[in-house]
Amino acid sequence: MTSFPFDGIALGCDYNPEQWPRSVWPEDIALMQEAGVGFVTLGVFSWALLEPEPGRFDFGWFDEILGLLHEGGIAVDMATATAAPPPWLTAAHPEMLTVDEFGHTLWPGSRQSWCPSSPVFREHALRLVAEMARRYGEHPAVRLWHVSNELGCHNGRCWCDVSAAAFRAWLADRYGDVEKLNDTWGTAFWSQHYASFDEVLPPRITPAVPNPTHQLDFARFCSDELLDYHRAERDVLRDICPSVPVTTNFIISSHQSEQDYFSWAPDMDVIAQDHYLDHRLPHVHAEQAFTDDLTRGVAGGAPWLLMESATSAVNWQPVNIAKRPGELLLDSLRHVARGADAVAFFQWRASRAGGEKFHSALVPHAGRDSMKFREVVELGAALTAIGEVAGSHVVADVALLWDWNAWWACDLGSHPSAEVRYVDAVHRWHKAVTDAGATADVVSPSADLSGYKVVVVPTLYLVDDTLAPALAEVVARGGHVLVTYFSGIVDTCDHIRLGGYPGAFRELLGVRSEEFAPLAPGATVTLDDGGTADLWTELLTTAGAEVVASYTDGPLPGTPAVTRNGTAWYIATRLDEAATAALAERVLDEAGVTRTGSDGVEVVRRGKYVFVLNRSSTEAVVPVTGTELISGTAVAGSVSVAAGCAAVIRAAVIQEGT
Ligand code: GLA
């Protein structure tokens, strides 16, 4: 990865000037300067206006706005403008449209109307990319290239005939021999044996349960296919203007699982991520903290760029919750605390027309004279004040393992319980660790685990053969490993690991389970330590481990629910939130992890900088000595942070408990 493209902790936003008359542009620049906007993302959805007819380009208006931005001292993250093809292209080539698993075409009239495998789309898109690169690659305002936009948003998976042919080529490349595919997919089951790759289709809607490895490989193919598309645009940009770094904005979120971003990361010059609070979830800010920690994991610990977020409500949830006063600053600083070196938003000015006209922006419909714009100005000043934080690294004692392949496989159908959802399990344990006052890096199972005191492995259904030995090393050096139910069950082909559950981890955990006994929705069981649990039980016996808690009722009274084999813990059920929290605290304490903060008060360290984010309704007091950067005041011994407020302290000394 190259150095970060923007200065300090930059404030940025998507800027769509084509939605406004030219007379508005000078005011835009002036207001951006007032707010301290350091960069804008330009051109994301501009294709139809930049290339109004095939091969005829109109860059005049774009030159003009780019010039105004540059004169105004605002840097540009230049989109390649290929996210939404113009109507002339989809009209001429309907074969480039995406098709769903039922065979329905998804028609133009929205955005991202293109199949990731379409050669005709790629040809036209790369021609535009080359034009953009030649015209703007040397422009002094352009600091970063932004390939397409949120690759995979709306068109991450396509089941059309073009995709089918590309899938077959991907399989032939992966397996070489169709008999290898037959073994891996277990096609002896239900007469699914293939005589040739030519017989394979994408997993379209079937009368009964589809082959799970077929589904898993299709998920892998779709991720690879879009990465290949990214590389094609990136290569054009690098050929023409090698000095400008290239990225694309990832969508690492709890409702989007179609890209394996660990495999994408090495192709990015800087990791960029979009994040919107999801008010459909029970713990909205915990999900933000989780996603930020995962983004940092994808970035290998390096600072990353928050490319999009919302100043207030979005427009795409059933009820779009507005941020209350103060929340914009607090939520933005949460991203920075967890590794972001820039905070950007969709979008500069709230649209008058179109499908996103009720989405919040930096300049709302009410205009400059609004609470929102004043808060944006306040945020810009705060980010400027903490600029020296840029480049520092988050300090974490805990690793929590995350894997997209495991997500795809875990959530397939025909499993013991459809109630077991990978993301739920991961969120629950990440929240417990965070609320207990620790910071977790969310990392790939193949990450280096040597620096962590605790490694949490929530419901990691699919694992390769290297993970159990890596976890055994953590335990051997005195680290703690905590594994939860439905982990280590299958190999990377989604084949069961035989001999008893939890297959890959039996020896590490010193347990063996013969049968799963999931609980009906709403049913709970009681444990002999007073806790309760739901969702999952299993017929577990110990083989070296010590029993920490057993069931007193439910289908398996007297059976172990929580065990430990030295410092290797197994949680064979879904503990209630209080019991999860208590166990997390116990393990962190035994492992010697320093805990600061609590549910509602996040304390996160980036190098010598201590972030205190107080979401609670009472004042928080945190021990630290140094300088609070937003206010510029000295802090001696401890900092008091009012409810709903935040502080960023350059610590003179890192004290015990900080
Ligand atoms: C995504 C897109 C943006 C915009 C926002 C709205 O992040 O990249 O163009 O549609 O969603 O939340």
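This is a predicted model, so every value here is computed, not measured.

Caption draft 1: Local environment of the pattern of salt bridges. Summed over the entire model, instances satisfying the criterion amount to 40 salt bridges. The partner of Asp 28 in a salt bridge is Arg 349, with the nearest N and O atoms 2.7 Å apart. Linking Asp 28 in helix α1 (residues 25–35) with Arg 349 in the loop between β9 (340–345) and α12 (371–385), this pair joins segments that are 321 residues apart in sequence. Neither residue differs from the other here; Asp 28 and Arg 349 are each classed as buried. With a closest N to O distance of 2.7 Å, Asp 341 and Arg 606 form a salt bridge. In this pair, Asp 341 sits in strand β9 while Arg 606 sits in strand β22 (residues 601–606), placing the two residues 265 residues apart along the sequence. As far as the burial class goes, Asp 341 and Arg 606 line up, both buried. What you see here is one network of salt bridges that share partners, running through Asp 293, Arg 296, Lys 323, Asp 331, Arg 334, Arg 338, Asp 441, Glu 602 and Arg 615.

Caption draft 2: Structural context of the packing of helix α11 (residues 327–337) against α12. Two elements in contact, α11 and α12, have axes separated by 9 Å at closest approach and are oriented at 30°. If you check the angle between α11 and α12, you find them roughly parallel. For the element pair α11 and α12, the recorded crossing hand is right-handed. Here Glu 327, Leu 328, Leu 329, Ser 332, Leu 333 and Val 336 of α11 lie close against α12, whose contacting residues are Glu 375, Val 376, Glu 378, Leu 379, Ala 382 and Leu 383. Residues that form the contact of α11 with α12 fall into these classes: eight nonpolar, one polar and three charged.

Caption draft 3: Fine view of the domain arrangement of the chain. Looking at the chain, the domain boundaries give domain 1 (1–9 + 30–41 + 271–390), domain 2 (43–145 + 153–252), domain 3 (398–591) and domain 4 (601–653). When domain 1 packs against domain 3, the two sides together hide about 1,000 Å² of surface, and 67% of this comes from carbon and sulfur. By the criterion of area lost to domain 3, the three top residues of domain 1 are His 283, Phe 290 and Leu 294, representing 48% of everything that side buries. Counting across the interface, domain 1 meets domain 3 through one salt bridge. Across the pair Arg 296 and Asp 441 runs a salt bridge, and its minimum N-O distance is 2.8 Å. Summed over the shared surface of domain 1 and domain 3, the number is four residue pairs in polar contact (both at pLDDT 80 or more).

Caption draft 4: Geometry of the sheet that holds strand β23 (residues 609–614). Strand order in this open sheet of five strands is β22-β23-β28-β25-β26, and the pairing throughout is antiparallel. Among the strands making up the open sheet, the edge pair consists of β22 and β26 (633–635). Between one strand axis and the next, the sheet turns by 25° as a mean value, whatever way the strands run. Lying on the sheet, α11 is in contact with β22, β23 and β28 (646–653); it crosses β23 at an angle near 145°.

Caption draft 5: Molecular detail of unusual backbone geometry. With an omega of 0°, the peptide bond between Phe 346 and Gln 347 qualifies as cis. Assignment of secondary structure puts Gln 347 in the loop between β9 and α12. Residue Pro 502 is reached from Tyr 501 by a cis peptide bond, and omega for that bond is -10°. For Pro 502, the location among the structural elements is in the loop between β13 (480–484) and α16 (506–509). Phi at Leu 535 is positive, roughly 70°, even though this residue is not glycine. You can see Leu 535 is positioned in the loop between β16 (532–534) and β17 (538–542).

Caption draft 6: Summary view of the site of the ligand. As a matter of local geometry, the ligand sits amid Phe 45, Arg 111, Asn 149, Glu 150, Asp 274, Tyr 276, Glu 308, Trp 316, Phe 346, Glu 356 and His 359. Here an oxygen atom of the ligand sits 2.9 Å away from a polar atom, N or O, in the side chain of Arg 111. Taking 310 Å² as the accessible area of the ligand by itself, protein coverage stands at 96%. Most atoms of the ligand, that is more than half of them, are within 2 Å of grid points of the largest pocket. For the shell around the ligand, a count of residues per class yields four nonpolar, two polar and five charged.

Caption draft 7: Quick peek at the layout of surface pockets. Here the largest pocket defines a volume of roughly 1,100 Å³. Secondary-structure elements contributing two or more residues to the lining of the largest pocket are α2 (47–50) and α4 (87–92). Grouping the amino acids of the lining of the largest pocket by side-chain chemistry returns 15 nonpolar, 19 polar and eight charged. Looking at which domains feed residues into the lining of the largest pocket, each of domain 1 (1–9 + 30–41 + 271–390) and domain 2 (43–145 + 153–252) gives three or more.

Caption draft 8: Fine view of empty space enclosed by the protein. In the structure shown here, the tally under the stated rule is seven cavities of 30 Å³ or more. Around the largest cavity sit 20 residues that line it, and Tyr 276, Leu 277, Ala 310, Ser 312 and Lys 323 are the ones nearest its centre. Looking at which element gives the most residues to the lining of the largest cavity, the answer is α11, with four residues. Class assignment of the residues belonging to the lining of the largest cavity gives a composition of nine nonpolar, nine polar and two charged.

Caption draft 9: Focus on a nonpolar patch on the surface. On the surface, Phe 189, Trp 190 and Val 209 cluster together into a nonpolar patch covering about 320 Å² of accessible area. Mapped onto the elements of the fold, Val 209 is located in the loop between α7 (178–185) and α8 (212–240). Exposure remark for Val 209: the relative accessible area of 38% places this residue in the partly exposed category.

Caption draft 10: Structural context of the side chain of Asp 435. Tracing the sequence through the fold places Asp 435 in helix α14 (residues 422–435). Side chain to side chain, Asp 435 and Lys 431 meet in a polar contact 2.6 Å long. Apart from the residues lying within four places of it in its own chain, the contact partners of Asp 435 are Gly 597, Ser 598 and Asp 599.

Caption draft 11: Main features of the environment of Ser 196. Topologically, Ser 196 is positioned in the loop between α7 and α8. We classify Ser 196 as partly exposed; its relative accessible area is 23%. With 374 residues separating them in the primary sequence, Ser 196 and Tyr 570 have C-alpha atoms 44 Å apart. A polar atom in the side chain of Ser 196 sits 2.8 Å from the backbone nitrogen of Asp 198.

Caption draft 12: View of the side chain of Ser 417. Topologically, Ser 417 is positioned in the loop between α13 (404–410) and α14. At a separation of 3.0 Å, a polar atom in the side chain of Ser 417 contacts the main-chain amide nitrogen of Glu 419. Apart from the residues lying within four places of it in its own chain, the contact partners of Ser 417 are Pro 518 and Trp 536.

Caption draft 13: Layout of α8. For α8, spanning 29 residues, the distance from its first C-alpha to its last is 43 Å, which sits close to the expected 42 Å at 1.5 Å a residue. The backbone nitrogen of Thr 213 lies 2.9 Å from a side-chain oxygen of the residue at the head of α8, namely Asn 211.

Caption draft 14: Quick peek at helix α17 (residues 577–590). If you check α17, its first and last C-alpha atoms are 20 Å apart, about what 14 residues at 1.5 Å a residue would give, namely 20 Å. You can read the cap of α17 off the contacts: a side-chain oxygen lies 3.0 Å from the backbone nitrogen of Ala 578, and it is on Asp 576.

What counts, and at which threshold
- Residues numbered from 1 in each chain as written.
- Predicted model: local features only at pLDDT ≥ 70, side-chain atom pairs only at ≥ 80, totals over all residues.
- Heavy atoms only, no water.
- Salt bridge = Lys/Arg side-chain N within 4 Å of Asp/Glu carboxyl O.
- Helix = DSSP H or I, 4+ residues; strand = E, 2+ residues; numbered from the N terminus.
- Buried < 20%, exposed > 50% of the residue type's maximum accessible area, 1.4 Å probe, protein only.
- Axes fitted to C-alpha atoms, helices over the stretch in contact; angles between N-to-C directions.
- Parallel < 35°, antiparallel > 145°, perpendicular 65-115°, else oblique.
- Left-handed = near helix turned anticlockwise from the far one by under 90°.
- Contact = heavy atoms within 4.5 Å.
- Nonpolar A, V, L, I, M, F, W, Y, C, P; charged D, E, K, R; others polar.
- Domains from an automatic or database assignment.
- Buried area = accessible area lost by both parts, 1.4 Å probe.
- Polar contact = N/O pair within 3.5 Å; in protein donor to acceptor, adjacent residues only side chain to side chain.
- Pairing = 2+ DSSP bridges.
- Near = heavy atom within 4 Å.
- Areas by Shrake-Rupley, 256 points an atom, 1.4 Å probe, with all protein chains shown as cover.
- 1 Å grid on protein atoms, 1.4 Å probe; cavity = no way out; pocket = protein on both sides within 12 Å on 5 of 7 lines; lining within 4 Å.
- Sits in = over half its atoms within 2 Å of the grid points.
- Points joined across faces, edges and corners; volume = space filled by probe spheres on them.
- Patch = residues over 30% accessible without salt bridge, like charges linked within 9 Å, V, L, I, M, F, W, Y side chains within 5 Å.
- Expected span 1.5 Å × (residues − 1).

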